[in-house]
Amino acid sequence: MKNKYLKFINRFHPLVGLIILTFVVVVLLEYTTPPEYVFGYLYTGTILLANYGLAKKTIWKITLAAIALTIFNLFFPNFEPHSFATIANRLITVMALAVTGWLSIRNRDYEEAVNRSQAQLRTQKQLAILREDFVSTLTHDLKTPLLGGIETIKAFQNGQFGAITSAQAKVLTMMSNSHRSSLELVQTLLDVYRNDTEGIQLKCEAIDLSAIASLVISNLINLATSRQVYLVLTYGESNFPSRFVVNGDALQLQRVFNNLIINGINHSPRNGKIEVQLVSDGEFHIIKVIDGGRGITSTELPYLFERFYQGGSHTQQASFSARASTGSGLGLYLARQIINAHGGTIWAENHLPQGAMFCFRLPAIAE
C-alpha cells in the first residue's frame, strides 16, 4: 500500500510529496496550539512550492484550502469566543495567503511569457542566421554565372568569335543590359540584407550633391531615351548651377539618386519628363525627383519604402497610364536605408497637377 502511494506521488509530480508533508506539519502546528497563535503564515511556503511545478488551478486549490483551514481553526477543536485581536490576526493571515496565491500565479504567468519570448528570440535568431546564409550563398551562386555571361557576350561583341551583323549586335547589347540589370538586382538584394544585419558602413567626406546628380543623370540618359523620357536637372528658383555640400558617402548617395531616377523612369508615361530638383533652406539640402506619371494612391504611400513593395496600383490600368511596373521593390527600401544612415529623411508625395515626387534631405555643411 505504501509503495502504491509513493508511485502515485512520483507519477503526479516530484514536489507533491514535499508539499503534502509541509501542509501536514502546518496543520498539526495550527491545530495543536491555541487560536491566538497563528501558524497559517507557514502555508505560504506550500503555495510557493506549488508554483514551481503544479498547475494554476492546483495553486488556487492549495491557497483556498490554506485559507479555509486558517479560518476553521477559530472553531475547531474548541469552539469558544475569541478576542477581536485574534479574529483580526486570522483575517490578516487570510489576506496574506490570498495575496501570496495571486502573486504566485502572476509570477508564473510572467515566467511563461518570458520563456515564450526567449524561445521566439532564439527562433528568430536562428532564422536570421539561416536567412543570411541563404542570401549570401544564393547571391554568390547567381553572380558567378551572370559575370560569366557578361564576359562571354563582351567577347562576342569584340569579334573574338568572328564578325557579327548589326542585328546580332543589337541582340547582344540587349542580352548584356539584361545580365547587368540582373547582376545589379542580386547585388541590391545582398546589400539590403547586409545593411539590415550589420548596418551600412559609410565612408563619409564633403561631397557635392549637384555633381553626383549630374553624374547619375548622364549615366541614365540612354535608359531614359529608350523609354522616351526626358531628364532635367534644376536648382529651384535659380537657373544657375549651385553647390550642395553634405558630409556623406558618394557611392551610397549615388545609388540613392540612381534608384529614385530609375523609379521615376519606370513609372513615367512616354514622352514624359523627370525633373531632379536641388534646393536648400540653409540647414538642409533637399533633393526632389519629380515625374509626370499617374501619381501615388493614398493606400500606397505608407508602404512605398517597405521591402519588396512595388505598388499594386501601378500594375493596374497600365494601358491607361502608360506606366511600366518594373523592379524588385528593393530600390526604394535600399534608398531609405542609405538616407537614414546619413541622418537624413526620405519621403514621397503626389505632385500636382499630375505625377509623383520622391524627396530626401540631408544636413548641409559649410564649405
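Residues numbered from 1 in each chain as written. Predicted model: local features only at pLDDT ≥ 70, side-chain atom pairs only at ≥ 80, totals over all residues. Heavy atoms only, no water.

What follows covers the overall build of the protein. Looking only at helices and strands, the protein has 11 helices and seven strands in total. Taking all 367 residues of the protein together, 38% fall into the buried category. Contacts in the protein between residues far apart in sequence, at least 24 positions, make up 72% of those at least 6 positions apart. When the accessible surface of the protein is split by element, carbon and sulfur atoms take 61% of a total near 21,500 Å². (Helix = DSSP H or I, 4+ residues; strand = E, 2+ residues; numbered from the N terminus. Buried < 20%, exposed > 50% of the residue type's maximum accessible area, 1.4 Å probe, protein only. Contact = heavy atoms within 4.5 Å. Areas by Shrake-Rupley, 256 points an atom, 1.4 Å probe, with all protein chains shown as cover.)

In a pair of packed helices, the angle between the axes and the distance between the axes together describe the arrangement. Taken N-terminus to C-terminus, the directions of helix α3 (residues 43-51) and helix α4 (residues 56-72) make an angle of 175°; their axes are 9 Å apart at the nearest point. Comparing their axes, α4 and α3 come out roughly antiparallel. On the side of α3, the interface is formed by Tyr43, Thr46, Ile47, Ala50 and Asn51, while α4 contributes Ile59, Ile62, Thr63, Ala66, Leu69 and Thr70. (Axes fitted to C-alpha atoms, helices over the stretch in contact; angles between N-to-C directions. Parallel < 35°, antiparallel > 145°, perpendicular 65-115°, else oblique.)

With that settled, consider the pattern of salt bridges. In total, this model carries six salt bridges according to the counting rule given. With its nearest N and O atoms 3.7 Å apart, the salt bridge here joins Glu151 to Lys154. Of this pair, Glu151 and Lys154 both sit in helix α5 (residues 84-157), separated by three residues, roughly a single helical turn. Given the relative accessible area of 47%, Glu151 is considered partly exposed. Across the pair Arg243 and Asp208 runs a salt bridge whose closest N-O atoms are separated by 3.8 Å. Linking Arg243 in the loop between β2 (229-234) and β3 (245-248) with Asp208 in strand β1 (residues 205-208), this pair joins segments that are 35 residues apart in sequence. (Salt bridge = Lys/Arg side-chain N within 4 Å of Asp/Glu carboxyl O.)

Taken residue by residue, helix α11 (residues 331-341) has Leu332, Tyr333, Leu334, Ala335, Gln337, Ile338 and Ile339 as its buried positions. The elements touched by buried residues of α11 are α6 (166-198), α8 (250-266), β6 (345-350) and β7 (356-363).

Glancing now at the environment of Phe23. Looking at where Phe23 falls in the secondary structure, it is placed in helix α2 (residues 14-31). Counting along the chain gives 24 residues from Phe23 to Ile47, while the straight-line C-alpha distance between them is 9.5 Å.

Turning to the sheet that holds β6, a few remarks are in order. Taken in spatial order, the five strands line up as β2-β4-β5-β7-β6 in an open sheet, and their pairing is mixed. Since the sheet does not close on itself, it has two edges, and those belong to β2 and β6, each with one partner. This sheet shows a mean twist of 15° between the axes of neighbouring strands, independent of strand direction. Both β6 and β7 contribute to a ladder of six bridges, which runs antiparallel. Residue pairing for β7: Glu349 is matched across the bridge by Met357. The sheet contacts of α8 involve β2, β4 (272-280), β5 (284-290), β6 and β7, and relative to β7 the element is tilted by about 170°. (Pairing = 2+ DSSP bridges.)

To continue, consider unusual backbone geometry. Where the residue is not glycine, phi is negative for most of them; where a peptide bond is considered, it is trans in most cases. In this structure, Gln228 takes a positive phi of about 60° despite not being glycine. You can see Gln228 is positioned in the loop between α7 (209-226) and β2. The backbone of Asn271 shows a phi angle near 65°, a positive value even though the residue is not glycine. Asn271 gets classed as exposed once you look at its relative accessible area, which sits at 65%.

So, about the packing of aromatic side chains. Under the defined criterion, the tally for this structure stands at seven aromatic pairs. Summarising the aromatic geometry, the rings of Phe257 and Phe360 are spaced 5.5 Å apart at their centres and angled 80° between planes, so their arrangement reads as edge-to-face. Of this pair, Phe257 sits in helix α8 while Phe360 sits in strand β7, and the two are 103 residues apart along the sequence. Comparing Phe257 with Phe360 shows no difference in burial state: the two are buried. One aromatic cluster is present, formed by Tyr31, Phe72 and Phe76 through successive ring pairs. The ring of Phe284 has Arg361 sitting right over it, with the charged end atom 4.3 Å from the ring centre. (Phe/Tyr/Trp six-rings, centres within 6.5 Å; stacked < 30°, edge-to-face > 60°. Lys NZ or Arg CZ within 6 Å of the ring centre and 35° of its normal.)

On the secondary structure map, Asn259 appears in helix α8. Within the local environment of Asn259, its side chain forms a polar contact with the backbone oxygen of Gly331, the two atoms lying 3.3 Å apart. When residues no more than four places from it in sequence are discounted, the contact partners of Asn259 are Gly331, Leu334 and Ala335. (Polar contact = N/O pair within 3.5 Å; in protein donor to acceptor, adjacent residues only side chain to side chain.)

Quick look at a nonpolar patch on the surface now. The grouping of Leu18, Leu21, Val25, Leu29 and Leu42 at the surface amounts to a nonpolar patch, some 410 Å² of accessible area in total. Tracing the chain through its elements places Leu29 in helix α2. (Patch = residues over 30% accessible without salt bridge, like charges linked within 9 Å, V, L, I, M, F, W, Y side chains within 5 Å.)

Moving on, we get to the environment of Pro353. Structurally, Pro353 is set in the loop between β6 and β7. Remark: the alpha-carbon pair of Pro353 and Gly295, spanning 58 residues in sequence, is separated by 9.5 Å.

This paragraph deals with α4. Compared with an ideal rise of 1.5 Å per residue, which puts 17 residues at 24 Å, α4 spans 24 Å between its outermost C-alpha atoms and is within 8% of the ideal. Ile59, Ile62, Thr63, Ala66, Ile67 and Thr70 are the residues of α4 that are buried. Projected down its long axis, α4 carries its buried residues within an arc of 135°, all on one side. Among the exposed residues of α4, those pointing more than 90 degrees away from its buried face are Lys57, Lys61 and Leu64. (Expected span 1.5 Å × (residues − 1). Arc of directions from axis to C-beta.)

Attention now goes to the nonpolar core. Core analysis: the largest hydrophobic core is formed by 45 residues, its most contacted members being Leu209, Leu253, Phe257, Ile261, Phe358 and Phe360. When near neighbours in sequence (up to four residues on either side) are disregarded, Phe360 contacts Val256, Phe257, Leu260, His285, Ile286, Ile287, Ile339, Thr345, Ile346 and Trp347. Core analysis: the second largest hydrophobic core is formed by 15 residues, Val26, Ile47, Leu54 and Ile105 among them. (Core = buried A, V, L, I, M, F, W, Y, C linked by side-chain atoms within 4.5 Å.)

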